[in-house]
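Descriptive analysis of the structure
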Amino acid sequence: MHISPIRTVIIALVTIAGLLLAIPSFLSKDQLAAWPSFLPHQTVVLGLDLQGGSHLLLQVNKAGIIKDRLTELRRDARQVLANDNGIGNLITTDEPNTAINIELTDPTQHDAARKALDGLQNNVAGGLFGVAGTAELEYSDAPDGKIIVKLSDKGVSERMSSLVAQSMEVIRKRIDELGTTEPQIQRQGTDRVLVQVPGFEDSTRLKDIISRTARLTFHMVYNGMTAAQAQAQGLPAGTMILPSAAGGEELLEEDVALGGESLVDSQPGYNQQNSQPVVTFRFDTRGAVTFGQITGANVGKRFAIVLDNQVITAPVIQQAITGGSGQISGSFTTASANDLAVLLRAGALPASLDIVEERSVGPSLGADSIKSGLTAGIVAAIAVVSFMVIAYGLFGVFANVSLILNIVLIFGALSALGATLTLPGIAGIVLTIGMAVDANVLIYERIREELGAGRSPLQAINAGFARAWGTSIDSHLTQLIAAVVLYFLGSGPVQGFAVTLALGILTSLFTAYTVTLFLVGIWFRARRPKTLRIQHFRFIPDGTKINFMKISRYVIIFSIVMTVLSLGSAVFKGFNFGIDFKGGSAIEVQHTADGPADPARIREIMDGLKLGDVQVQGFGTAEDVLIRVEAQPGGDMAQQAVVTKVKEALSVENYEIRRTEIVGPSVSGELATKGVIALLVSLGAILIYVWFRFEWQFALAAITTTTHDVIMTIGLFSITGLEFNLTSIAAVLTLVGLSLNETVVISDRIRENLRKYKKMPLPDLINLSINQTIVRTSLTAFTIFLALIPLVLFGGEVIRGFTIAMTFGVFVGTYSSIIVGGPILIFFGLKARADVPAEKASEKRADGASV
């Protein structure tokens, strides 16, 4: 109970720092502007599900990169052979579309051709620290004498990696042109870019701005033959056919006469003759000279302006254009002309980007989510704080002060890290409210036991804090392992939940032990009580002698039956998988006119769109409806078209799109794989930790009971038809930590009693250990229920399945830890401590007291 000055200073500094870091997040913009400049101004970043906005996951189109590179390679090979070396050739592309075949008109020129083609070799991603880079091309000879120039796999991968970096810069420029604030653009893996734009409601426009390649090129129209004639007679060498925006097709020369990289400016404008919207452009000096030379040398010929492989316009050159500027006319609206000007100013994407995942939230839904999260948090906090005062009186007040500081430190840490707070993240904070008092309950119950053993108040308090510390560390670390795995293998909002959960675990260790001990120490030094009354209320009386081992046989049979039932339902009935795992689209709409939504009318409209399997169900209030559309056969791009069709069809019925989620088949498969891996890694990591801290029997028993809890919870999803999505994986992984929390506390007491009662029969010893900890177990389970029930009732429909699964999982975890774990320890051959070597019996106890 000695209060160290160093400890006092540390608590004061941490408290002040937490407050200063947390306060800016609760200030308005005007208040934050008046906040002293020398104090932290960083605030918690609200996720898209709380403030609205758009989330896009873009993937570089590998097939498009290879096709474009082969086109360049074919043109370069023809140039270097025919024009530069006078070697006749016929170049075609082979079936797999990864190489070109070169057939020489004169086979005796083979060696000269190979030597000339060697000059096309290009090293990709080299130049650092003397590294030469990866050779892009591979040369070989076919049996029929053709020369094969192939794109190497490593070369393609390196080019894709480089193009992702370039694409991120172009995307950033485009979004900056839109004037949005704080966009997040991150690289994911080797070929994907994650874009999150808060507060941008028009996801359709954002997709168009970001994903359009906007590659502007200028080509001469081929003279002497039309596109239809070329299709009938065969394409002349060095030509290509492209569709025209005006309808039909155009036959163009393949060589790019001038590229959009020479543009220095582009603005929307209007045609002076007919007042139609146009896009003006201006070249740099070199581009202006080239443009003047081309137009001067081709007066009377048609000159095509091509945007993303479509001919926008192909006017006849009337005279040389020497000013270095021009305009693009077509069927533009004012908005589309403005967007095209934005794209041209920001520059072309170096590669085509496909949207493989899309999530957008309207601002009204974000505001509702914030309201739901705050309501659940306030109700949970009031419930837990009130219960702690009822159960522990003054000591409950000490725990509540630590709990409040714990919440402040969580928000302070989120602000300092610049972390994103999502709706599942709020759920993580609310869950932490219930979990944070667990350590206090553990400490207080230990103090009560020490008092019951005849110790003085001072000795009991010292022993209670000292001996409960090791158990708290073990139980919190198992939860932290699950949170860390969830963060690295989760995505989006689930990662937000993992961050708040992990921070809550770490801060609760500090507040529950250090801060509570400090408060109790101040009180004790001031009062010097002769007796202590810590607990005022309990669900289960002290000194119970319930014979859990006697009923273990029936309990194990019941658990086996329920486990088989859960597995059978999972195998034969299956799950109601969300779009995270099976792909497709989820669209939440709200009826904006008077009266409730009409799901039957919406189903009728959806049937008319012929989108395949469509589910329409109420979602929260009577005005809200959730529409699920199955994955479309056209791939990722077809998924994007679904939202547009549904939006257009429902807009005339007075429905507002509040949230959309689109997950392509490629991403959904990866998410499912990651979910399974996360669960297995979490169980494996916890097995290793418990094995290290305890005997192997405890580790296997812990994993067995945890697996039992996981199967039962997964069975809940299958039997009830609750949607199984990414947040469900988060619920299961969190349950792993919570279940082990209870198991570790009971296991630690069994291990302690094994050393204390060496001759007691093992079933009796396990009964004793469970009865000694059952008061604590019932109280902590109840506080977690107090935090979870408000989440179920007020947390909103988006996380309803998550919170229901968590509530059910805590119940099952408490049941298995108390009743199922003991018989399993006996099954795995746990021996009384008298049967083990003496040196084992003298090991240091987990609670910090040596034997």
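Relevant structure appears above.
Below you will find a few notes about this structure. Please read these numbers as outputs of a predicted model, since none were measured by experiment.

The rules we used
Residues numbered from 1 in each chain as written. Predicted model: local features only at pLDDT ≥ 70, side-chain atom pairs only at ≥ 80, totals over all residues. Heavy atoms only, no water. Helix = DSSP H or I, 4+ residues; strand = E, 2+ residues; numbered from the N terminus. Buried < 20%, exposed > 50% of the residue type's maximum accessible area, 1.4 Å probe, protein only. Contact = heavy atoms within 4.5 Å. Areas by Shrake-Rupley, 256 points an atom, 1.4 Å probe, with all protein chains shown as cover. Lys, Arg positive; Asp, Glu negative; His and termini not counted. Charge placed at Lys NZ, Arg CZ, Asp CG, Glu CD. Pairing = 2+ DSSP bridges. Patch = residues over 30% accessible without salt bridge, like charges linked within 9 Å, V, L, I, M, F, W, Y side chains within 5 Å. Salt bridge = Lys/Arg side-chain N within 4 Å of Asp/Glu carboxyl O. Expected span 1.5 Å × (residues − 1). Axes fitted to C-alpha atoms, helices over the stretch in contact; angles between N-to-C directions. Parallel < 35°, antiparallel > 145°, perpendicular 65-115°, else oblique. Left-handed = near helix turned anticlockwise from the far one by under 90°. Nonpolar A, V, L, I, M, F, W, Y, C, P; charged D, E, K, R; others polar. 1 Å grid on protein atoms, 1.4 Å probe; cavity = no way out; pocket = protein on both sides within 12 Å on 5 of 7 lines; lining within 4 Å. Points joined across faces, edges and corners; volume = space filled by probe spheres on them.

**Examining the overall build of the protein**
Helix and strand content of the protein: 25 helices and 27 strands. Taking the principal axes of the C-alpha coordinates as reference, the protein spans close to 110 × 65 × 60 Å. Burial statistics for the protein: of 851 residues in total, 53% are counted as buried. Counting contacts in the protein only where the partners sit at least 6 residues apart, residues at least 24 apart contribute 74% of the total. A total accessible area of about 37,300 Å² is found for the protein, and carbon and sulfur atoms account for 58% of it. Averaged over its 68 positive side-chain charges, the protein has a centre that lies 13 Å from the centre of its 74 negative ones.

**Some remarks on the sheet that holds strand 18 (residues 310-313)**
Spatially, 4 strands are ordered 14-11-17-18 in an open sheet, and the strand pairing comes out antiparallel. Two strands close off the open sheet at either side, each with one partner strand: strand 14 (258-259) and strand 18. With 3 bridges connecting them, strand 17 (residues 303-307) and strand 18 associate as antiparallel partners. Looking across to strand 18, one finds that Leu307 is bridged to Gln310.

**Notes on a nonpolar patch on the surface**
A cluster of nonpolar side chains, Val379, Ile789, Leu793 and Phe794, forms an exposed patch at the surface whose accessible area comes to about 320 Å². At 3 residues, the largest contribution of residues to the nonpolar patch is made by helix 23 (residues 762-794). As for its position among the elements, Val379 is in helix 11 (residues 363-392).

**With respect to helix 21 (residues 696-720)**
Under the 1.5 Å per step criterion, the end-to-end length of helix 21 is 36 Å for 25 residues, consistent within 8% with the ideal 36 Å. The element helix 21 is largely enclosed, with a buried count of 18 among its 25 residues. Residue Gly721 follows helix 21 closely and has a positive phi angle near 80 degrees.

**Looking at unusual backbone geometry**
One non-glycine residue, Asn309, adopts positive backbone phi at about 60 degrees. Within the secondary structure layout, Asn309 lies in the loop between strand 17 and strand 18. The backbone phi angle of Arg528 is positive, close to 50 degrees, even though this residue is not glycine.

**Some points on the packing of helix 22 (residues 726-756) against helix 24 (residues 800-827)**
Packing of helix 22 against helix 24 brings their axes to within 8 Å, and their N-to-C directions diverge by 30 degrees. Put simply, helix 22 runs roughly parallel to helix 24. Considering only the axes of helix 22 and helix 24, their crossing is right-handed. Facing helix 22, whose interface residues are Thr727, Ala730, Ala731, Thr734, Leu735, Leu738, Ser739, Glu742, Thr743, Ile746 and Ile750, helix 24 presents Phe802, Ala805, Met806, Gly809, Val810, Gly813, Ser816, Ser817, Ile818 and Leu825. Tallied by class, the residues present in the contact of helix 22 with helix 24 amount to 12 nonpolar, 8 polar and 1 charged.

**Points about the pattern of salt bridges**
Within the structure shown, the criterion is met by 28 salt bridges. A salt bridge links Glu445 to Arg448, with the shortest nitrogen-to-oxygen separation between them at 2.5 Å. On the criterion of helical spacing, the pair formed by Glu445 and Arg448 is a turn pair, its members being 3 residues apart in helix 13 (residues 423-452). As far as the burial class goes, Glu445 and Arg448 line up, both buried. One continuous salt-bridge network, built from bridges that share partners, spans Glu357, Arg359, Asp368, Glu588, Asp624, Arg658, Arg659 and Glu661.

**Points about the packing of helix 13 against helix 23**
Two elements in contact, helix 13 and helix 23, have axes whose closest approach is 9 Å; the angle formed by their N-to-C orientations is 160 degrees. One element, helix 13, and the other, helix 23, form an angle in the roughly antiparallel class. The interaxial crossing formed by helix 13 with helix 23 has right-handed handedness. Contacts between helix 13 and helix 23 involve Ala427, Val430, Leu431, Gly434, Met435, Val437, Asp438, Val441, Leu442, Glu445, Arg448 and Glu449 from the first element and Gln772, Val775, Arg776, Leu779, Thr780, Thr783, Ile784, Ala787, Leu788 and Leu791 from the second. For the contact of helix 13 with helix 23, a count of residues per class yields 13 nonpolar, 4 polar and 5 charged.

**Focus on empty space enclosed by the protein**
Summed over the entire model, instances satisfying the criterion amount to 8 cavities of 30 Å³ or more. Estimated volume of the largest cavity: approximately 90 Å³. Lining of the largest cavity is provided by 14 residues; of these, Ile746, Ser747, Ser817, Gly821 and Gly822 occupy positions nearest its centre. Secondary-structure elements contributing two or more residues to the lining of the largest cavity are helix 21, helix 22, helix 23 and helix 24. With 5 residues, the single largest contributor to the lining of the largest cavity is helix 24. Across the lining of the largest cavity, the residue classes break down as 8 nonpolar, 6 polar and no charged.

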